[in-house]
Amino acid sequence: ELQQYYHNAEEEKRVTAHLMQNMVSGPGLRDPALQTTIVPAEYHSGDIIMAARAPNQALFLMLAAGTGHGLAAAINVMPLPQIFYAMVSKGFTLASLLQELNSKALGWLPRDRFVAGTVVEINEREQTVRVWNGGNPDILLIGRDGSVLHTCRSRHLPLGILPEREFDAQAESFFIDQPGQLVVYSDGLLEAESPNSDRFGKERILATLAGNEPAERFDRLLAALTAHLGGRPAHDDVSLMFAEIGLDTAALQLGTPEEKPAASPDSAENWRLSIELSAQEIRYYDLAPHLLSLLEKIEDVKPHKTSLFLVLSELLVNAVDHGLLKLESDIKHTDGFERYLSLREERLAELQHGSISVRVEKSSEAGCRNMVISVKDSGGGFDYLSLERHLENHDLPYGRGLGLVRSLASHVEFHDGGREVVVYYPY
């Protein structure tokens, strides 16, 4: 009877481990910028690590640690990977992703369970990192010389505790002005005990990071942990993730004329998609991913998903931020990126009047096949002629978004004093 019981238990562990491995694995974990590992305290791990590139090539990372360890902890985090990978692939914002993750955890978990979560968005093109830390240890940005450039402490409760009206999805944001490594880990690393009950602790982490070259730090930290444990297993799951931040955006400049997707079979008919949002919808509606979801259902649009998302998201952000909210781009550099985002949230919450209209249509004229994208806002316009001159001279620290749109388009037009931007995208 004991032999049969043991056999059944082992088979259940094997099957559940296989299912959970398939749920959490994704191509994003093989990203060349990443190094990751999970050392479970038992057969199953209650920690999971996720990574994926958004359509704009921003790198999204998540480390989730369920309450406890073993199978019970692993079940706590099971619903999260599907939400993470689906929403990141469609281009949803970090705030929308966090709201959905918390809502799912709140509805899924028992009242006495929660998930400590860290979600990171690294946008090297914009040179920004955004971090939401709910219940996990400090996230560290380490410079090439081993110094700590930035520390992101837990500012939020874990996922699955607060209802939607009380949940805070605001992330900490900062500029990255030099290469470095973002280090994310679970509390199992801090609490790993030696045979004489001495905890690994943050001091050992910092000393190992400071005392080694960047390429060696991940392996040396794992070796230090192994030596500290002295051959014994850790009493809690240990998760560790390194993300290289190199500020080399050359590989992210997608959609240049040499790299544009090959021509796809043309459909016979022209088509048009249009939508208009009032101030009430603009305050909460994440429009770019929804538009892309509709457009990619058109067969000859699918190969252009990444470039179209970049164009749509940049035009919509400019229409809201500069057209309706009157935010100046240089605030990011004079007052800091976090101040810019804080001011944006304040003005967006107070927005009572205004509208944005979007039109996307296929145009086949004189043998040229274009997608014509128009975004128009009801704001006061802006001095687009001055901005274009500065972009041509490369003498502004901002405006990269519009520069990227121009590189993807065959032609860009401004109308109505800058209130409307029309982009001709060849495909």
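Here, residues in each chain are numbered from 1, in the same order as that chain's written sequence. Residues qualify for local features only when their pLDDT is at least 70, as the model is predicted, and side-chain atom pairs are given and counted only at 80 or more; totals for whole chains, interfaces and linings, by contrast, use all residues. Based on all heavy atoms of the structure, the side-chain values leave hydrogens and waters out of the count.

Trainee: Which residues make up the sheet that holds strand β1 (residues 34–39), and what are the values?
Mentor: The pairing criterion for strands is at least two bridges between them, as found by DSSP. Helix and strand assignments follow DSSP, with helices taken as H or I runs no shorter than four residues and strands as E runs no shorter than two, numbered in order from the N terminus. In space, the 5 strands of this open sheet follow the order β1-β10-β9-β6-β7, with antiparallel pairing throughout. Each end of this open sheet is capped by a strand with a single partner; those strands are β1 and β7 (148–152). Taking the axes of each pair of neighbouring strands and ignoring which way they run, one obtains an average angle of 15 degrees across the sheet. Pairing of β1 with strand β10 (residues 238–245) involves 6 bridges; the strand directions are antiparallel. Bridged to Thr-37 within β10 is Leu-240. Lying over the sheet, helix α6 (residues 201–210) contacts β6 (139–143), β7, β9 (180–185) and β10, oriented at roughly 25 degrees with respect to β6. Axis lines are fitted to C-alpha atoms, over the contacting stretch for helices. Their N-to-C directions set the angle, which ranges from 0 to 180 degrees. By the convention used here, residues are in contact when the closest approach between their heavy atoms is within 4.5 Å.

Trainee: Provide a residue-level description of a negative patch on the surface, including the pertinent values.
Mentor: Distance thresholds for patches are 9 Å for like charges and 5 Å for nonpolar side chains (Val, Leu, Ile, Met, Phe, Trp, Tyr), applied to residues having over 30% relative accessible area and no salt bridge. Per-residue and other accessible areas were derived by the Shrake-Rupley procedure at a 1.4 Å probe size, with only the shown protein chains allowed to occlude residues. For this document, the term salt bridge refers to a Lys or Arg side-chain nitrogen within 4 Å of an Asp or Glu carboxyl oxygen. The convention is simple: Lys and Arg are positive, Asp and Glu are negative, and His and the chain ends are not counted. By convention, the point assigned to a charge is CZ for Arg, NZ for Lys, CD for Glu and CG for Asp. A cluster of acidic residues, Asp-168, Glu-345, Glu-346 and Glu-350, forms a negative patch at the surface. Relative to the assigned elements, Glu-350 resides in helix α12 (residues 337–350). Residue burial is assigned from relative accessible area. The probe radius is 1.4 Å, only protein chains are included, and a residue is buried under 20% of its type maximum, exposed over 50%, and partly exposed in between. In this structure Glu-350 comes out as exposed when scored by relative accessible area, which is 59%.

Trainee: Before we move on, can you summarise helix α7 (residues 217–229) with the specific residues and values?
Mentor: The span expected for a helix works out to 1.5 Å for each residue beyond the first. Over its 13 residues, α7 runs 18 Å from end to end, which matches the ideal 18 Å to within 8%, given 1.5 Å per residue. Among the residues making up α7, those that are buried are Arg-217, Phe-218, Leu-221, Leu-225, His-228 and Leu-229. The buried side chains of α7 occupy one side of the element, clustering within an arc of 110 degrees when seen end-on. When the buried face of α7 is taken as reference, the exposed residues oriented beyond 90 degrees from it are Thr-226 and Ala-227. On its buried face, α7 is in contact with β1, β6, β9, α5 (187–191), α6 and β10. Here the arc refers to the directions that run from the helix axis out to each C-beta atom.

Trainee: Any chance you could break down the pattern of salt bridges for me, citing the residues and the numbers?
Mentor: In this structure the tally under the stated criterion is 18 salt bridges. Arg-153 serves as the salt-bridge partner of Asp-138, at 4.0 Å between the closest nitrogen and oxygen. You can see Asp-138 sitting in the loop between β5 (128–134) and β6 and its partner Arg-153 sitting in the loop between β7 and β8 (172–175), a full 15 residues away along the chain. A salt bridge links Asp-321 to Arg-344; its shortest N-O distance comes to 2.6 Å.

Trainee: Which residues make up the confidence of the model for the protein, and what values go with them?
Mentor: The predictor attaches a confidence to each residue, called pLDDT, with possible values from 0 through 100. For the protein, the mean per-residue pLDDT works out to 85, and 88% of the residues sit at or above 70. This model gives residues 249–260 a pLDDT under 50, and the stretch forms 23 contacts once residues within four places in sequence are excluded.

Trainee: So what's going on with unusual backbone geometry? Residues and values would help.
Mentor: Backbone geometry follows two general trends: most residues other than glycine have a negative phi, and most peptide bonds adopt the trans configuration. The phi dihedral of Ser-197 is positive, around 70 degrees, even though this residue is not glycine. On the basis of relative accessible area, Ser-197 is assigned to the exposed category, the value being 52%.

Trainee: Break down the sheet that holds strand β12 (residues 355–365) for me, with residues and values.
Mentor: In spatial order, the strands read β11-β12-β13-β15-β14; together these 5 strands make up an open sheet with antiparallel pairing. Edge strands, defined here as strands with exactly one partner in the open sheet, are β11 (272–278) and β14 (411–415). Strand-to-strand twist of the sheet, defined as the mean angle between neighbouring strand axes without regard to direction, takes the value 15 degrees. Note: β11 against β12, 7 bridges, orientation antiparallel. Its bridge partner being in β12, Leu-273 is matched across the sheet by Val-360. With respect to the sheet, helix α9 (residues 287–295) is in contact with β11 and β12, its orientation differing from that of β11 by roughly 160 degrees. Most of the contacts of helix α10 (residues 305–324) go to strand β13 (residues 368–377), to which it runs at about 20 degrees, and overall it touches β12, β13 and β15 (420–426).

Trainee: For the packing of aromatic side chains, give the residues involved together with the corresponding values.
Mentor: Aromatic rings from Phe, Tyr and Trp, with only the six-membered ring used for Trp, were paired whenever their centres fell within 6.5 Å, and each pair was classed as stacked if the ring planes differed by under 30 degrees, edge-to-face if by over 60, and tilted otherwise. Under the criterion given, the structure shown has 3 aromatic pairs. The interplanar angle of 85 degrees and the centroid separation of 5.3 Å between the aromatic rings of Phe-84 and Tyr-85 together place this pair among those described as edge-to-face. Here Tyr-85 falls in the buried class, since its relative accessible area comes to 19%. Between the aromatic rings of Phe-218 and Phe-242, the centroid separation amounts to 5.3 Å while the plane-to-plane angle is 85 degrees, which identifies the pairing as edge-to-face. In this pair, Phe-218 is assigned in helix α7 and Phe-242 in strand β10, connecting sequence segments 24 residues apart. Across the pair, Phe-242 and Phe-218 agree in class, each one buried.

Trainee: Tell me about the side chain of Gln-181, and name the residues and values.
Mentor: Along the polypeptide, Gln-181 turns up in strand β9. In terms of polar contacts, Gln-181 uses its side chain to reach the backbone carbonyl oxygen of Pro-214, at 2.9 Å. Polar contacts, as counted here, are pairs of nitrogen or oxygen atoms within 3.5 Å of one another; within protein the pair requires one atom able to donate a hydrogen and one able to accept it, and residues that are adjacent in sequence qualify only if both atoms are side-chain atoms. Among the polar contacts made by the side chain of Gln-181, one reaches the side chain of Glu-244 at a distance of 2.6 Å. Apart from residues no more than four positions distant in its own chain, Gln-181 is found in contact with Leu-140, Leu-141, Ile-142, Pro-214, Arg-217, Phe-242, Ala-243 and Glu-244.

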